[in-house]
Amino acid sequence: MRKNACVAILAFLMCLSSSAYAQKVLEMFEGQNDLPETSGGIRVESMDKGTVSEFSDSGADSGITLVFEHQGSSILVPATVQGKPVYFLFDTGATTTTLSYDFAKSAGILPKADYPVIQVQTANGPAFAQFGLISQLVLGGRNHAGVSYTVCDNCPTGVYKGKPIVGLLGLNVINRYRVSIDNGSGKIEMFASASYSDRKRDIEPWLQMGDVGAKPDGKGNYVTTVSVHNKAPRTISELTLVLTCTNGNTVELGQKSISAGSKAKFSKAVDASKCMGAGFDIVGAKW
């Protein structure tokens, strides 16, 4: 093999080793905002795109309604988790939904020892939290299955109107909707967004990358491979993976299903003159 080809392969592998899947620090206790003052029409916010638009409340766009409660400046929303009636703090500043250790234990969904752990930023400084999975989280009569959560011992707890306050309802649930908060009526209207079925926020923490490689195929390309381990106790029905390039381009490596606890191999020939890999990203994921 020519020397420059060896150097190119080495550089390519070094770029790939800087995986985009390094665990992210979660800002879990910020953004508990006061309710906005509203009057007249409903304002609907797209949590994904950050835009606001008017919307008719004629009922043509089917959604769910949550009748919320105040606790100081915080918003409490009713839910059931694993069949247990609870309250969550509605928190658009929480990246991931949280549950207290005691409640997760009582509901029988405490994380197992080998479940992912992440460093989180709390009001008291850095800490570590473990991921678990909620199979039944009901809001407004609609079940949300496969909701990832982190155990949080320092989250607000207590009892309100006979129901426990168990944690924060975070963006992995909220961002699936366009959300309207009406302070006057005490209601939150939630309408499924265009990306409702994309479960990237719930699935990404459970993925582990390994066996990354790149080798020439004799046609001027490098065959890029990566193994993805699904560590969740739930099958991923669709996972679409892309290679991100240092020049800003992306190359789709394919779409696969991965059973619980199993691995899948993604492989594709990539023109290294057009794409030097910088890592891998999910562009779509579904349970």
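Before reading further, recall that the structure is shown in the block above.
Since the model is a prediction, treat every value here as computed from it, not as a measurement.

What counts, and at which threshold
- Residues numbered from 1 in each chain as written.
- Predicted model: local features only at pLDDT ≥ 70, side-chain atom pairs only at ≥ 80, totals over all residues.
- Heavy atoms only, no water.
- Helix = DSSP H or I, 4+ residues; strand = E, 2+ residues; numbered from the N terminus.
- Buried < 20%, exposed > 50% of the residue type's maximum accessible area, 1.4 Å probe, protein only.
- Contact = heavy atoms within 4.5 Å.
- Areas by Shrake-Rupley, 256 points an atom, 1.4 Å probe, with all protein chains shown as cover.
- Disulfide = S-S within 2.5 Å.
- Core = buried A, V, L, I, M, F, W, Y, C linked by side-chain atoms within 4.5 Å.
- Pairing = 2+ DSSP bridges.
- Axes fitted to C-alpha atoms, helices over the stretch in contact; angles between N-to-C directions.
- Salt bridge = Lys/Arg side-chain N within 4 Å of Asp/Glu carboxyl O.

On to the overall build of the protein. Per the secondary structure count, the protein includes 4 helices and 23 strands. Residues counted as buried form 45% of the 287 residues belonging to the protein. Across the protein, contacts joining residues at least 24 apart in sequence account for 67% of those joining residues at least 6 apart. As displayed, the protein has an accessible area near 13800 Å², and 48% of this comes from carbon and sulfur atoms.

What the rule picks out here adds up to 2 disulfides. What pairs with Cys-152 in a disulfide is Cys-155, and their sulfur atoms sit 2.1 Å apart. With the S-S dihedral at roughly 105°, the linkage between Cys-152 and Cys-155 falls on the right-handed side. Cys-155 matches Cys-152 in its accessibility class, with the two residues each being buried. Here Cys-245 engages in a disulfide with Cys-275; their sulfurs sit 1.9 Å apart. A torsion of -90° about the S-S bond marks the disulfide between Cys-245 and Cys-275 as left-handed. Taken together, the residues span a long stretch of sequence, with Cys-245 in strand S20 (residues 236-245) and Cys-275 in the loop between strand S22 (263-270) and strand S23 (277-286) at a distance of 30 residues. Here Cys-245 matches Cys-275 in class, with each residue buried.

Core analysis: the largest hydrophobic core is formed by 31 residues, its most contacted members being Val-77, Phe-88, Phe-90, Leu-169 and Ile-188. In contact with Ile-188, other than residues within four places in its own chain, are Ile-64, Thr-65, Leu-66, Phe-68, Ile-75, Val-77, Phe-90, Val-179, Ser-180 and Ile-181. Of all hydrophobic cores here, the second largest spans 28 residues; its members include Leu-239, Leu-243, Val-270 and Cys-275.

A few words on the side chain of Arg-176. Relative to the elements of secondary structure, Arg-176 occurs in the loop between helix H3 (171-174) and strand S16 (177-182). Not counting residues up to four positions away in its chain, the partners in contact with Arg-176 are His-144, Phe-191, Ala-192, Ser-193, Tyr-196 and Arg-199.

Okay, the sheet that holds strand S18 (residues 207-216) next. Spatial ordering of the open sheet is given by S18-S19-S22, a layout of 3 strands whose pairing is antiparallel. Each edge of the open sheet is held by one strand with a lone partner, namely S18 and S22. Here the strands of the sheet are splayed against their neighbours by 15° on average, with no regard to which way each runs. Sheet analysis places strand S19 (residues 222-230) next to S22, joined by 8 bridges and oriented antiparallel. Residue pairing across strands places His-229 opposite Lys-263, the latter belonging to S22.

With that out of the way, let us pick up the pattern of salt bridges. Summed over the entire model, instances satisfying the criterion amount to 3 salt bridges. The closest approach of N and O atoms between Asp-202 and Arg-199, which form a salt bridge, is 2.9 Å. With respect to class, Asp-202 is no different from Arg-199; both count as buried. Notably, a salt bridge pairs Lys-286 with Glu-238, separated by 3.9 Å at the nearest N-O pair.

Here the focus is the sheet that holds strand S21 (residues 250-258). Overall, antiparallel pairing links the 3 strands, which are arranged S21-S20-S23 in an open sheet. Two strands lie at the open edges of the sheet, namely S21 and S23, each paired on one side alone. Across the sheet, the axes of successive neighbouring strands diverge by a mean angle of 20°, strand direction being ignored. In this structure, S20 lies alongside S21, joined through 7 bridges in antiparallel fashion. Residue pairing in the sheet places Thr-240 in a bridge with Gln-255 of S21.

Below, the discussion takes up the environment of Val-67. Tracing the backbone shows Val-67 in strand S4 (residues 64-67). Here Val-67 falls in the partly exposed class, since its relative accessible area comes to 48%. Sequence separation of Val-67 and Ile-181 is 114 residues, and the distance between their C-alpha atoms is 10.0 Å. Excluding its chain neighbours within four sequence positions, the residues that come into contact with Val-67 are Pro-78, Gly-186 and Lys-187.

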